[in-house]
Amino acid sequence: MSPFVEFAILFLGSFLIGAVSALIIALILKKGKKSKTIKINNEIAMMILCPWISYLIAEGLKFSGIVSILINGVFLVQYVDPNLSKTSRKVMKAGFETVAWAAESVVFLFIGLGVFAVDNTFEDIGALGIIAACVLMNIARAMNIGITAAI
């Protein structure tokens, strides 16, 4: 089988797993919203667990879990978000922003520690290289935040 066909099968399988799992959650929440049987805790738990379960299924079937999570997130926002209560939306937004901030902080912490963890880094790069790297990282971060904030 050619690499292109393998990639297409891998991508389409991952796409389907992410999309179907999100659509199932959307259907459950839509039916629950009409019958008033779904509580806020259940909504939040489904929104948090759906991408993780999608990842586990994709990896278990030898597809790409990352693609499955990305597609799952797109479908969750498009089809599940309108079926969530306002309270659930606020809690989910605050929770995901907190987790994103913590993850970003850990990444930058590891990048900062990496400068001192590698042997002979300062001698190879020099002070000017470290200063340039810090400046460029801050420019990249500012551009990322600026673009994200503009959206």
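Just above, that's the structure.
Caption draft 1: View of the packing of helix 1 (residues 3-35) against helix 2 (residues 40-60). Look at helix 1 against helix 2: their axes get within 9 Å of each other, and the N-to-C directions meet at 155°. If you check the angle between helix 1 and helix 2, you find them roughly antiparallel. Of the two elements, helix 1 crosses helix 2, and the hand of that crossing is right-handed. On the side of helix 1, the interface is formed by Ile17, Gly18, Ser21, Ala22, Ile25, Ile28 and Leu29, while helix 2 contributes Glu43, Met46, Cys50, Ser54, Ile57 and Ala58. A breakdown of the residues in the contact of helix 1 with helix 2 according to their chemical character gives 9 nonpolar, 3 polar and 1 charged.

Caption draft 2: Geometry of the nonpolar core. Ile25, Leu29, Met47, Phe75, Leu76, Val80 and Leu84 are the most contacted members of the largest nonpolar core, which totals 15 residues. Within the residue set of this core, elements represented by two or more residues are helix 1, helix 2 and helix 3 (65-80). The greatest single-element share of this core, amounting to 5 residues, is contributed by helix 1. Among residues more than four places away in sequence, those in contact with Met47 are Leu76, Val80, Leu84 and Met92.

Caption draft 3: Summary view of the side chain of Asn83. Within the element layout of this structure, Asn83 appears in the loop between helix 3 and helix 4 (86-117). In this structure Asn83 touches Ala26, Leu29, Lys30, Lys33 and Glu43, once residues within four positions along its chain are discounted.

Caption draft 4: Highlighting the packing of helix 1 against helix 3. In contact at an axis separation of 8 Å, helix 1 and helix 3 are set at 30° when each is read in the N-to-C sense. On the basis of their axis angle, the class for helix 1 and helix 3 is roughly parallel. For helix 1 against helix 3, the interelement crossing comes out right-handed. Taking contact as the criterion, the partners of Phe11, Ser14, Phe15, Ile17, Gly18, Ala19, Ser21, Ala22, Leu23, Ile25, Ala26 and Leu29 in helix 1 are, on helix 3, Val67, Ser68, Ile71, Asn72, Phe75, Leu76, Tyr79 and Val80.

Caption draft 5: Layout of a nonpolar patch on the surface. A contiguous nonpolar surface patch, about 770 Å² in accessible area, is contributed by Ile48, Leu49, Trp52, Ile53, Leu56, Ile57, Leu61 and Phe96. At 6 residues, helix 2 tops the list of elements feeding residues into the nonpolar patch. Tracing the backbone shows Leu56 in helix 2.

Rules behind the numbers
- Counting of residues starts from 1 at the beginning of each chain's written sequence and follows it residue by residue.
- The model is predicted, so local features are restricted to residues of pLDDT at least 70 and side-chain atom pairs to those at 80 or more, both for listing and for counting; the totals for chains, interfaces and linings are taken over all residues.
- Hydrogens and water are ignored here; the side-chain numbers use all heavy atoms of the structure.
- As a rule, the C-alpha atoms of each element are fitted with a line to give its axis, helices using only the stretch in contact, and angles between N-to-C directions run from 0 to 180 degrees.
- Helix and strand definitions follow DSSP, with helices as H or I runs of at least four residues and strands as E runs of at least two, each counted in order from the N terminus.
- Throughout, the term roughly parallel applies to angles under 35 degrees, roughly antiparallel to angles over 145, roughly perpendicular to angles from 65 to 115, and oblique to all others.
- A crossing counts as left-handed when the near helix is turned anticlockwise from the far one by less than a right angle, and as right-handed when that turn is clockwise.
- For this analysis, residues touch if any pair of their heavy atoms sits within 4.5 Å.
- The nonpolar class holds Ala, Val, Leu, Ile, Met, Phe, Trp, Tyr, Cys and Pro. Asp, Glu, Lys and Arg form the charged class, and all remaining residues, Gly among them, are polar.
- In this description, a nonpolar core means a group of buried Ala, Val, Leu, Ile, Met, Phe, Trp, Tyr and Cys residues linked to one another through side-chain atoms lying within 4.5 Å.
- Exposure is judged per residue with a 1.4 Å probe applied to protein chains only, and the accessible area is read against the type maximum: over 50% gives exposed, under 20% gives buried, and values in between give partly exposed.
- Only residues whose relative accessible area exceeds 30% and that take part in no salt bridge are eligible for patches, with like-charged residues grouped when within 9 Å of each other and nonpolar side chains (Val, Leu, Ile, Met, Phe, Trp, Tyr) grouped when within 5 Å.
- Per-residue accessibility takes into account occlusion by the displayed protein chains alone, with areas from the Shrake-Rupley method and a 1.4 Å probe.
- Each reported salt bridge corresponds to a side-chain nitrogen of Lys or Arg within 4 Å of a carboxyl oxygen of Asp or Glu.

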